[in-house]
Amino acid sequence: MIIAKTIKEVRENVKAWRAEGLKVGLVPTMGYLHEGHQSLIRRAVKENDRVVVSIFVNPLQFGENEDLDTYPRDFARDSKICASEGVSMVFHPSGHEMYNKGFCTFVDMTGLTETLCGKSRPGHFRGVCTVVSKLFNIVNPDRAYFGWKDAQQVAVIKRMVMDLNIDIEIVACETVRESDGLARSSRNVYLSSNERKASTILQEALKVAEKKIASGVRSSHEIKEAMVETISSVKEVKLDYAEIVDLKTLQPVSTIDGPTLVAAAIFIGGTRLIDNYIYGI
Ligand code: PAF
């Protein structure tokens, strides 16, 4: 497995693969890989001849008071995982390699980025769109893999690819969960054991929504109320948002009748967790 630190190395290798007619898959990550990332990597390995995993904690997508400095990192472990999954190349650039002196060009999006996480994390999706566009330009893959756990990110990237005519297939993969339902996330390591217990309320609230929809309820107001009530039953947890939106436009819907994203975010202590239930696909 190649470990590339520079854009030049990535380009040279991918160019050679392409010259042989090989298909290339990209799994963009911020490292500290878990089962969720592994499922993206496995799918990419299955569907492509060569797979590139990027590991870069992107400073541009963190807000001022967020966890950029404490974000968990373990490159040695990550590269072992990649090697064992059959990854061809890990791209692990420095901050300077990605954002050279005087960097001043950004990819921004209106609308879709102003709801859900975009509301509580202003600038986050500008950082995501900018780094993902750069990774797409650097790696030039046929396909790129993202997890449905970050459903807003999936919708934003699909829209970006459409709007900017980027010729890459975006593959969204199912959320991988712990045995008690908590969605796998690198940030789960921040949780104390009490917080870890309390965190399952997020999945419970989404299950309440899922059950209501399955029983025929279509009023977003009624479903949201039930989610908020569930989440507020645990005192350690503070609700950030519980929203029901159209899966493509991410705009709130009052009645559920097409592909719909039921999304929620909570704070437990200093940790922010997100999860969702997708209806209709
Ligand atoms: O989902 C993530 O880990 C990040 O947002 C991504 C897509 C790697 C961009 O930094």
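For the structure itself, consult the block above.
In this text, all values refer to a predicted model and were calculated from it rather than measured experimentally. (Residues numbered from 1 in each chain as written. Predicted model: local features only at pLDDT ≥ 70, side-chain atom pairs only at ≥ 80, totals over all residues. Heavy atoms only, no water.)

Chemist: I'm lost on the overall build of the protein chain in this one. Help?
Modeler: A count of helices and strands for the protein chain gives 10 helices and 9 strands. Expected size for 281 residues packed as a compact globule is a radius of gyration near 19 Å; at 19 Å, the protein chain falls within 12% of this value. A principal-axis box enclosing the C-alpha atoms of the protein chain has dimensions of 55 × 40 × 40 Å. Within the span of the protein chain, comprising 281 residues, buried residues form 51% of the whole. (Helix = DSSP H or I, 4+ residues; strand = E, 2+ residues; numbered from the N terminus. Rg over C-alpha atoms; globule rule 2.2 N^0.38 Å. Buried < 20%, exposed > 50% of the residue type's maximum accessible area, 1.4 Å probe, protein only.)

Chemist: What is the right way to look at the packing of helix 6 (residues 124-139) against helix 7 (residues 151-163) in this model?
Modeler: To characterise two packed helices, one gives the angle between the axes of the helices and the distance between these axes. The N-to-C vectors of helix 6 and helix 7 enclose an angle of 55 degrees; their axes lie 11 Å apart at closest approach. When the axes of helix 6 and helix 7 are compared, the pair comes out oblique. Both helix 6 and helix 7 take part in a crossing whose hand is right-handed. Mapping the contact onto sequence places Phe125, Val128, Cys129, Val132, Ser133 and Phe136 in helix 6 and Gln152, Gln153, Val156, Ile157, Met160 and Val161 in helix 7. Grouping the amino acids of the contact of helix 6 with helix 7 by side-chain chemistry returns 9 nonpolar, 3 polar and no charged. (Axes fitted to C-alpha atoms, helices over the stretch in contact; angles between N-to-C directions. Parallel < 35°, antiparallel > 145°, perpendicular 65-115°, else oblique. Left-handed = near helix turned anticlockwise from the far one by under 90°. Contact = heavy atoms within 4.5 Å. Nonpolar A, V, L, I, M, F, W, Y, C, P; charged D, E, K, R; others polar.)

Chemist: Whenever I open this one, the environment of Arg126 confuses me. Can you help?
Modeler: Along the chain, Arg126 falls in helix 6. As for Arg126 and Ile281, which are separated by 155 residues in sequence, their C-alpha atoms are 27 Å apart. Here Arg126 is in contact with Phe106, Val107 and Asp108, once residues within four sequence places are set aside.

Chemist: Quick question: what am I supposed to make of the site of the ligand here?
Modeler: Inspection of the region around the ligand gives Pro28, Thr29, Met30, Asn58, Gln61, Val131, Phe146, Asp150 and Gln153 as its neighbouring residues. Between Gln61 and the ligand, the recorded distance is 2.6 Å, taken from a side-chain N or O atom to an oxygen atom. Within the contact set of the ligand, an oxygen atom lies 2.7 Å away from a side-chain nitrogen or oxygen of Gln153. Here the residues of the shell around the ligand sort into 4 nonpolar, 4 polar and 1 charged. (Near = heavy atom within 4 Å. Polar contact = N/O pair within 3.5 Å; in protein donor to acceptor, adjacent residues only side chain to side chain.)

Chemist: What is the right way to read the sheet that holds strand 1 (residues 2-4) from this model?
Modeler: Backbone-to-backbone hydrogen bonds pair the strands of a sheet. The strands run either parallel or antiparallel. With parallel pairing, the 6 strands of this open sheet are ordered in space as 1-4-3-2-5-6. Two strands in the sheet have a free side with no partner beyond their single neighbour: strand 1 and strand 6 (169-173). Averaged over all pairs of adjacent strands, the angle between strand axes in this sheet comes to 25 degrees, irrespective of strand direction. As paired strands, strand 2 (residues 24-29) and strand 5 (residues 143-147) are joined by 2 bridges and run parallel to one another. Paired with Leu26 across the two strands is Ala144, which belongs to strand 5. Contacting strand 1, strand 2, strand 3 (50-55) and strand 4 (89-91), helix 1 (residues 7-19) runs over the sheet at an angle of about 150 degrees to strand 4. Here helix 7 sits on the sheet in contact with strand 5 and strand 6, set at roughly 155 degrees to strand 5. (Pairing = 2+ DSSP bridges.)

Chemist: Could you clarify how one ought to interpret helix 7 in this entry?
Modeler: An α-helical turn contains 3.6 residues, so a residue and the one three or four places further along point in the same direction. With 13 residues, helix 7 should cover 18 Å at 1.5 Å per step; its first-to-last C-alpha distance of 18 Å lies within 8% of that length. Along helix 7, the residues classified as buried are Ala151, Gln152, Gln153, Val154, Ala155, Val156, Ile157, Met160 and Val161. (Expected span 1.5 Å × (residues − 1).)

Chemist: In this structure, what is going on with the pattern of salt bridges? I would like to understand it.
Modeler: The final tally for this structure, using the stated rule, is 20 salt bridges. In this structure, the salt-bridge partner of Asp142 is Lys23, at a minimum N-O distance of 3.8 Å. Here Asp142, found in the loop between helix 6 and strand 5, pairs with Lys23, found in the loop between helix 1 and strand 2; they are 119 residues apart in sequence, far enough to count as distant. Judged by relative accessible area, which is 19%, Asp142 ranks as buried. Note on Lys23: relative accessible area 41%, which makes it partly exposed. Note that Arg187 and Asp67 form a salt bridge whose closest N and O atoms lie 2.8 Å from each other. (Salt bridge = Lys/Arg side-chain N within 4 Å of Asp/Glu carboxyl O.)

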